Structure formats: C-alpha cells, structure tokens
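# Fold and contact review
Spelled out from the first residue to the last, the chains are:
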Amino acid sequence: MKKILVIEDNEQNLYLVTFILEKNGYEVIPARDGREGIDLASKVRPALILLDIQLPVMDGYAVARELRKNPALDDIPIVAVTSYAMTGDRERALEAGCTGYIEKPINPETFIRDIEQYL
Amino acid sequence: MSNADRTKMGLSNIKGYALLLVVAWSVIVFALLLWNAIQTREETRKYAHIYTNSAFEKDILYRRWATMHGGVYVPVTNKTPPNPYLSDIPERDIRTPSGRQLTLMNPAYMIRQVYEFEREVSGARSHLTSLKTIKPENAPDEWEKKALVAFEQGVTEISSIENIEGREYFRLMRPFITEEGCLKCHAGQGYKVNDIRGGISVSLPLASIRELAGTSQSRNISIYLLLWLVGTGGIVFGYYRVSKSEFKRNQAEKEIESANLDLEKKVQDRTAQLSQVNETLRKERQFLAAVFDSIEEGIVSCDANGVLARFNRATRVFHGLPEEPIPSDQWAQHYDLFLPDGKTPMKKEDVPLFRALQGEKVRNAEMMIIPKQDPARTLVASGQTLKDPEGKIIGAVVAMHDITERKRAEEAMKRNERVLRLFVEHSPAAIAMFDRDMKYIVASRRFLMDYDLGDRNIIGRSHYEVFPEIPERWREIHRRCLAGAVEKSEEDPFPRADGRTDWVRWEIHPWYKTQGEIGGIILFSEVITERKQAEEELRKHRDHLEGLVNERTATLTAKTNELNENQLALMSLVEELNDTTAELAVARDRAEGADKLKSAFLATMSHELRTPLNSIIGFTGIVLQGMSGPLNDEQAKQLGMAKDSANHLLALINDVLDISKIEAGQVEIIRRPFDMRSVIETALRTVLPLAAKKGLSLDSAIASDVGVIISDRRRVEQILINLVGNAVKFTEQGFVRVAARLVRSKEFGARSDEFGVVSALSTQSSALHRDLVEISVADTGIGIKPEDLDKLFKPFSQVDTGLARNHEGTGLGLSICGKLVEMLGGTIRVESEWGKGSKFTFTLPLS
C-alpha cells in the first residue's frame, strides 16, 4: 500500500483528503504541523507528500524548503494543496521546492487523478 | 657643375682622344698590312704566271723542234727503254755501225722525260695531257679536265692558285694545238692540223716563288707590328704629357673655387643668423599679441600725446576700432561712452583712459557703451599711467571688464524676488519665506489664516517671536534647512498654545541667492487636522468591515461542522452563503473609495472562503459519488442543489478575485497570434449542452476575412464564453447567434476630418488605419430595460434583482468582460429591447 504523507492543520480538510485517499487504496500518514511533517517524512519515506501552505509554526513554503534540503527525500514529490489563489502563489510554491500545485477547494471527482500524475 | 667635375671631364676628354688616336693608328697599320699582303700575293701570282707561261712556251718549242726532226735517236738505257707505243714505227730501233743500240724517242716521250728532270730540279710540275690520252698515266686530273673542256669552248688560257697535297701551287694550262708533225704519231687518233689535241699544265709551288721574290708574310707582319708599337707608344706618351699639365691646371682652378665657396657660405650663415633673429622677434611679437588678445578684459592704451596705441581683441568686441588716431577730446563721442545711468554722454574728463593719462589711478569706474547698432554694455574700467624707467610718463593703459550679464542677472533676480513675493502672498497654500535669522520676508494669506495670525503684521519679525511655543525640535529642523537640507513630513502634530493639537503636513526648502548662498528658508505647510479626522473615521469603518467578514467566516466554519450530521442544515447554510453574497455586494459598496484596501481584503476573503468551501464541495462530492453509502433520489437531488450553490459561490469568489486582480493591475496580457474562428468555435462548444437542453438554435456568421489576430487568446475566450453563456442563460426560446467581421476604426476616420491637411497626408499611410475585428453575440432572450443599460458593466449589477435570483450568475461577468476588452485595446457596447432580446458587440484590434 503506498504511503502518502498529508501535512494539514485543518481537521476537516485532513479528514476529507484522508477519506478520499483511503477509499482509493492509499495509506495516509497525517501530520498536523510542518515540524511533525518533516520528522515523519524522513521516518516513513512516503511515496508522496501533500502539503498545505497555511500552517501554524512554519508555513508550507518553509516546510518544502526544509524537505528539499534533505538529499534522502529528494525524489519524493511534494504537491502543495492550498487556498492561496492569487497571482504568484503557484510560482512561490514551485520555487520553494514543490513538484505540483492543487488549488482548494479540491474537486473530489478529479482529486485522485490530479495527485496520481505526480506518483 | 663643380670644378672637380669639370677637371674630370677635361681629363676624360683627353683620354678619349688618346684612345681614338690609338684605334685610328691601329686601323691604318692594319690596312697597310692588308694592302701589302694583297700586293705581295698579286706580284707572286704575276711572277708565277710569267714563269709558268715561259715554261709552257719552252716546252712547245722543244716539242716543235723534236717533231720537226721526226724525233731523235737516243742510246737505249734503263731509264730510256724503247717506247712500246711506237712499235709500229719502222726503224724504231737502230744500230750504229759501231754497234751501239739506239731507239727513236718521239716528242711526247722526250718532253715527259724533260718534265721528270724539271720536277727533280725546281719542284715545278708540267703535265701534258689530253681528254684522249694514249698512255693511261697521262690522263688529266680534275682541274685539268675542267680546263680542257673550257678550251673546247674557245678559252686559250686558264690559271689559278690551287692546293695540291697540302701545298699551294700556281697552275697554268694552255691548249696544245695539232701541227703537221704531230700527225705522224697521232693521225691514228683522228686529229687534224689546228685541232686541240690536249693541253699542257704547269704547276709551280708558290713557296719557292715567294722565296725567290724575297717576301715573307711573317716578316711583313713583324715589321707592321713594330710600326704599330712605335706609333701607339708615341700616342700614349703624348697623352701622359697632356693630361699631367691638364691636372695641374684643374688643381689651380679647384683652389680658386673652394675659396669662392667659403666666402659664399659665410654670407649664407650671416643671412641665416639674421633671419633667425627676425623670426624669434616675430614669434615673440605674435605670442605677446596672442596673450593680449586672449584676455577677456578689454585693454586699451595710449601714448604720452593721447594717441591710442594698442587694443586687444576684447576691446574690438566692445566697440570696433578707429581707422585713424582720434584726439582724446573726441573719445567719448567716438566710442559711444556714457555714464552708468546710460543716458548722459561722457565728457572728456570722465573717460577712464584720459583720467589715467592725467596721473589718476582709476579703480572700477563704471561706465556704459551704447553703440547705435549693438546692444548696450556695462563695463567697469581700471587704469593708470605708464612710466619709463626714469619715471617719465610715456602713456596710459585701461582694462575694462564687461559686467552686462551680471547687471542683467541682478535685475532679473530683483524682478524674480518681487514676483516670488507676490506669488507667495497670494498663494492659496500656506507658504512663508524667512531670511537667515528666521525673520518673515513674506507669508501667504493662507498661512496667516491657517495659523490664526489674522491681519497681524509679521513681516520683519522673527518666527520664534510670533510662535513662542515652537518646540526645540522645530528650531533644529530650521537650522538644518538653513544649512542646505530639505525636510518634510506627511503628518506632524502641532500642539497649539490654546491646548489644541493641529495636524500639519509640511515641507521646508532653503532658498538661494544668485551667488549660490542660502538666503533663508521657505516653509510650505498644510493643516490637515480635518482630513486626518476623516481618515480616522474611515479606518474605523474598515476595521468594522473586516470584523464583519471574520464573523461571517467563523459562522461558515461553524455551519460546515454540522454538515455531516444533517444535510438539511447544509441547505440552510447554503442559503446563508447566498445571503452573504448579497452582503458582500453591500460591503463592496462600502469599500468603494478605498481601492487598495479592497484588493487586500478580497484576496484574504478569497482565501478564507476557500477553506470552508473545500469541506462543503469536497464532502457533498464524496456523498454524491456514493462513497459514504447509497443515497435515495430525494437526498441526491437536494445534495446536488447544495453542491451547485457551493460551486456558484466558488465561481463568485473566483470572479471577485478576477476583478480585484484586474483592478490591481495584476493581470498579465500575453499577446500571441491565434485563429479567431477557433475561439468562437470553442465558446459555442462550451454552451452547446445547455443550449441543446433549452432547445435553442446556436449559430454563427463569421465573415470570410476573419482569421488570425494577435491578442490574449485565454482572455478573448473568457470574454466570449461569458457573453455566449449569458445569452443562453437569459434566453428561453429562439436563437443565440455569434457574428464576426472586420471593420475599420471610425474614430480614425473622424480624426482625419478634423485635422485637415496633416491628416490628409497621414491618411495616405494605411498604418494609421486601425483595423478591428468586431464580434457580436445576439439573442432572443429577456432583454434589458433602457434604464439598466448604463449599470450593466459595473460590478455586482445583475439587473433586476428579482430576476437575478432566477438566473445563475455572479453579476460580475459583464464587468470582467468590460475590463478585459478595455485591457485588450477594444470597446464593448450593448443594444437591447426589453422582452425582445439583446446584442453585445465588442471589438478587438487585429494586432
């Protein structure tokens, strides 16, 4: 079963994503903040990291940069899932080291297809 | 040509003559030698001829004698045997009575024997021969054969010098004529008397003759060589004598010549020295003149008699030059000299040069030159007398400095100051001008009003005296500005003496005098207390607005939490969201006037609303997909409505975001060529399902010349989808039609009418015509009331709110379309008849 690390502080959103992913046969490793996400990433080496940008303590951009510093995690795709939809938000995410960018609200009909292109 | 050359030529001439003489002498000697050789040869030949001829005659005589006797009998010896060719002759051999044996010797036999003797004695050879010889050994050689043939032609003698066996011989041959006696022996051969029977050739070696003649070629040559040597020796000797004396003469000539050269050189040297001195003098003078002329000050001098002596270039610029000396009492008049007032002509005693000549030390005397033609000049002149080393006055000099510009600048400055004072005084802004001691020079009426100074006369009084309450901080600012700083503040509290606090926006600059020195400061100020208060109120209002939004967001979040338990609650939540939309529209109205704030607010709003929407859309989607378990039809229908509403809200947020991006100038337009037709087709394809559902006819009329344009494809598509979507949305029956064609900009046509000639020229150039593509979307829908047409493109203005509830839409679509069309450089307009239909038309530039 492929492991997907979901770094998301909003319980509802975490539940939503977990529900969809598990229904589609993935194992979800949840992380409530950036620090926890970074620790779990090196511990479990997930197949994919879904990363919220607005996080407590350290934001998603900082998390992505931190993850990219670790050469052991270099090949894990990071997909930003964010409600920032202003001009330049996508570019900032990619610049910080993200592989992809999905805008919230997510579309449950296409969400799996969207993330699987990064797997 | 130098003398040495001449000498060389004289000597070489003599050498030439000597050589010519030697050659001539050689030619003469050689010619003599040649002539001598020819003579000798001729003589030798004559001698040989005589000798051979006489030998021939003698032979003929002997033979004739022998023939006459019919031969002679001789004793038979070994040398003289009986002639076998005479065997047929009777009595060839006889015997003397004493018994001696004799044999007949015929003439030919006898001659031959004589010839043999001859050869032995003298070396000459005689030969009797014939073309028809009896004895084979008598046959002729080649030369003789030729001669014999020649005799038959009538030639009587042949002679020549021939080479036989390596030796030179003189050969002579004469014919041998048949006589009576001959026939005795030769009748048998058929000869008759006087026939040529043959010839006798006599060959004499020339060497022996030469010996006889006592001549020898080699001796002759020796003699001539000796002769040549003597002559040549004489010539050479003569040459040396002559050339020696020539050389001496030349030597003497050379000495004279070199003496002449010496003299010439000395003269040249002296001349050169002289011209060098002159040149140095000339350069010195030129240098002095250049220095003199390069001085900007006008310098003029005169001699002790008052005759003007020297002027420099600057002086000539000031007032030309006199053609002839001018007497000093006419200077003022001649040079248009005036007193500083520019009106009174100078008298002789006023003229600086004259004063200097009188012994006065003139210092900075101001004067004017006012020529009839040129502009007037103001000058200051300084001058003094000139004295020689003994102290005798030899003239005077005056230097003049042009101060016209300075004068003019000073006057302009005075004028400017007047204007500035007037300007400051009447300025509607609060301005005050101070000198270095912070005393008022001028203050505007507004300044007096703002600072409650009324009609108090403050000019000349110190700022600190007028406002004793001014804090130290301000005094420091004033000091800094007086030192050259420019300072300002957008808002600054100003505690007043009466306890109030005024808010002031101010700016202080130093002001400069002409010389660049700071004359004081200028204070611009504006009392903004009222504006400040208004802003404060606005800020409070804004905070309230933000609080409202936060409150709503909190409500949304709370409501969302209940969703999983009760789907009906979701429905009501969506209702509330719709209400929020309306409230947002109200909020937008309130936010008008604070554009920056609005942009930031919208961005935050967009983000904050997305988070709860994520749950709403996400979970309704999941439930509708049946992932949480099966739904009955009613539940699916109701949840579908909730989902549509949530999507509508998302569309609204996106549109609001779009508008705010456009207004904040964050939308980037990417112009690339694309096919307008394919964009129209895409738009039609998008709305086709809805149109088909409603049974509307959807058609397009695209003119054949519409094709590729350069614009932002994504944005054009957005506009068109919006317009076509609206048309389908608001039409219940009939059709929706998209038409496209190329048009020529009308504005440009109108402009060429206005600008007459210029535009007539410019209309020649097609580049000035802007070609546009015009796209229209017409429908047979509900139409728009005339009074609503104006608000159509304003945000949140879906007309007739009653109807709007019946139609999906955010009310922002047309507003976005309008702004996008504008950004793409086009225009949009609408025609409509209430209840009949609408037609939206927009244009885009082709590139």
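Heads up: the structure comes first, above all this text.
Residues numbered from 1 in each chain as written. Chains lettered and ligands numbered in written order. Predicted model: local features only at pLDDT ≥ 70, side-chain atom pairs only at ≥ 80, totals over all residues. Heavy atoms only, no water.

Time to look at the overall build of chain A. Within chain A, the regular secondary structure consists of five helices and five strands. For chain A, the succession of helices and strands along the chain, N to C, is β-α-β-α-β-α-β-α-β-α. Out of the 119 residues belonging to chain A, those deemed buried represent 54%. Restricting to contacts in chain A with at least 6 residues of sequence separation, those with at least 24 account for 62%. (Helix = DSSP H or I, 4+ residues; strand = E, 2+ residues; numbered from the N terminus. Buried < 20%, exposed > 50% of the residue type's maximum accessible area, 1.4 Å probe, protein only. Contact = heavy atoms within 4.5 Å.)

Time to look at the packing of helix α2 (residues 34-44) of chain A against helix α3 (residues 60-69) of chain A. All names here are of chain A. Where α2 meets α3, the axes come as close as 10 Å, and the angle between the chain directions of the two elements is 25°. Accordingly, the angle class assigned to the pair α2 and α3 is roughly parallel. Read as a crossing pair, α2 and α3 show a hand that is right-handed. For the pair α2 and α3, contact is made by Gly-34, Ile-38 and Ala-41 and by Val-63, Glu-66 and Leu-67, respectively. Of the residues that constitute the contact of α2 with α3, the class distribution is four nonpolar, one polar and one charged. (Axes fitted to C-alpha atoms, helices over the stretch in contact; angles between N-to-C directions. Parallel < 35°, antiparallel > 145°, perpendicular 65-115°, else oblique. Left-handed = near helix turned anticlockwise from the far one by under 90°. Nonpolar A, V, L, I, M, F, W, Y, C, P; charged D, E, K, R; others polar.)

On to the environment of Lys-132 of chain B, then. Tracing the sequence through the fold places Lys-132 of chain B in the loop between β4 (125-129) and α3 (142-152). Overall, the relative accessible area of 55% leaves Lys-132 of chain B in the exposed class.

With that out of the way, let us pick up the interface of chain A and chain B. With 21 residues of chain A in contact, the opposing surface of chain B contributes 26 residues. Both sides together, the interface formed by chain A and chain B hides about 2,100 Å², and carbon and sulfur atoms give 58% of it. Counting every contact that joins chain A to chain B gives two salt bridges. Here Glu-109 of chain A and Lys-643 of chain B are joined by a salt bridge, their closest N and O atoms 3.1 Å apart. (Buried area = accessible area lost by both parts, 1.4 Å probe. Salt bridge = Lys/Arg side-chain N within 4 Å of Asp/Glu carboxyl O.)

Let us look at the packing of aromatic side chains. Residue and element names in this part refer to chain B. Within this structure, the stated rule accounts for nine aromatic pairs over all chains. Note on Phe-434 and Tyr-440: the rings are 4.5 Å apart at their centroids and 50° apart in plane angle, and the pair reads as tilted. Here Phe-434 and Tyr-440 have matching classes, each one buried. The rings of Phe-434, Tyr-440, Phe-447, Tyr-451 and Phe-467 are connected pair by pair, giving a single aromatic cluster. Above the plane of the ring of Tyr-464 lies Arg-475, whose end atom (NZ or CZ) is 4.4 Å from the centre. (Phe/Tyr/Trp six-rings, centres within 6.5 Å; stacked < 30°, edge-to-face > 60°. Lys NZ or Arg CZ within 6 Å of the ring centre and 35° of its normal.)

What follows is about the sheet that holds strand β18 (residues 518-527) of chain B. Residue and element names in this part refer to chain B. Taken in spatial order, the five strands line up as β15-β14-β18-β17-β16 in an open sheet, and their pairing is antiparallel. Taken across any chain shown, the strands that pair with only one partner, and hence form the sheet edges, are β15 (440-443) and β16 (487-495). Between one strand axis and the next, the sheet turns through 25° on average, direction left out of account. As judged from the six bridges shared by strand β14 (residues 430-435) and β18, these two strands associate in the antiparallel manner. Its bridge partner being in β18, Asp-435 is matched across the sheet by Gly-520. Strand contacts of helix α10 (residues 404-426): β14, β15 and β17 (501-512), with the helix running at about 55° to β15, the strand carrying the most contacts. Helix α13 (residues 472-482) contacts β14, β16, β17 and β18 of the sheet and is inclined by roughly 20° relative to β17. (Pairing = 2+ DSSP bridges.)

Residues and elements named next belong to chain B. As a packed pair, helix α18 (residues 676-694) and helix α19 (residues 713-729) sit with axes 9 Å apart at the nearest point and diverge in direction by 25°. Comparing the axis directions of α18 and α19 gives the class roughly parallel. Here α18 and α19 pass one another in a crossing that is right-handed. Residue-level inspection shows Met-676, Ser-678, Val-679, Ile-680, Thr-682, Ala-683, Leu-684, Thr-686, Val-687, Leu-690, Ala-691 and Lys-694 of α18 in contact with α19, the latter providing Arg-713, Val-716, Glu-717, Leu-720, Ile-721, Val-724, Gly-725, Val-728 and Lys-729. Along the lines of polarity and charge, the residues of the contact of α18 with α19 split into 13 nonpolar, four polar and four charged.

Turning to the sheet that holds strand β2 (residues 93-95) of chain B, a few remarks are in order. All names here are of chain B. With respect to topology, three strands assemble into an open sheet ordered β1-β3-β2, the strand pairing being antiparallel. Both edges of this open sheet fall to β1 (72-75) and β2, since each of them pairs with a single strand only. Between one strand axis and the next, the sheet turns by 35° as a mean value, whatever way the strands run. Relative to strand β3 (residues 101-105), β2 runs antiparallel, the two sharing three bridges. Across the sheet, Ile-94 pairs through a bridge with Leu-102, a residue of β3.

So, on to a nonpolar patch on the surface. Together, Ile-28, Leu-32 and Leu-227 of chain B line one region of the surface with nonpolar side chains, adding up to about 230 Å² of accessible area. If you trace the backbone, Leu-227 of chain B turns up in helix α6 (residues 217-294). (Patch = residues over 30% accessible without salt bridge, like charges linked within 9 Å, V, L, I, M, F, W, Y side chains within 5 Å. Areas by Shrake-Rupley, 256 points an atom, 1.4 Å probe, with all protein chains shown as cover.)

Cis geometry marks the peptide bond from Lys-104 of chain A to Pro-105 of chain A; its omega dihedral reads 0°. Turning to its location among the elements, Pro-105 of chain A is positioned in the loop between β5 (100-103) and α5 (111-116). With a phi close to 55°, Asp-336 of chain B is a non-glycine residue in the positive phi region. By the element assignment, Asp-336 of chain B lies in the loop between α8 (331-334) and β10 (337-338).

Under the counting rule described, the total for this entry stands at 37 salt bridges over all chains. In this structure, the salt-bridge partner of Glu-103 of chain A is Arg-610 of chain B, at a minimum N-O distance of 3.4 Å. Taken together, the residues span two chains, with Glu-103 of chain A in strand β5 and Arg-610 of chain B in helix α16 (residues 595-624). Taking relative accessible area as the criterion, Glu-103 of chain A reaches 36% and is therefore assigned partly exposed. The exposure class of Arg-610 of chain B is buried, given its relative accessible area of 1%. Note that Arg-461 of chain B and Glu-465 of chain B form a salt bridge whose closest N and O atoms lie 3.1 Å from each other. Residue classification places Arg-461 of chain B among the partly exposed residues on the basis of a relative accessible area of 26%. Its relative accessible area of 48% is what places Glu-465 of chain B among the partly exposed residues. The network of salt bridges with common partners includes Arg-741, Glu-774, Arg-829 and Glu-831 of chain B.

Geometric values such as these leave the question of function open.
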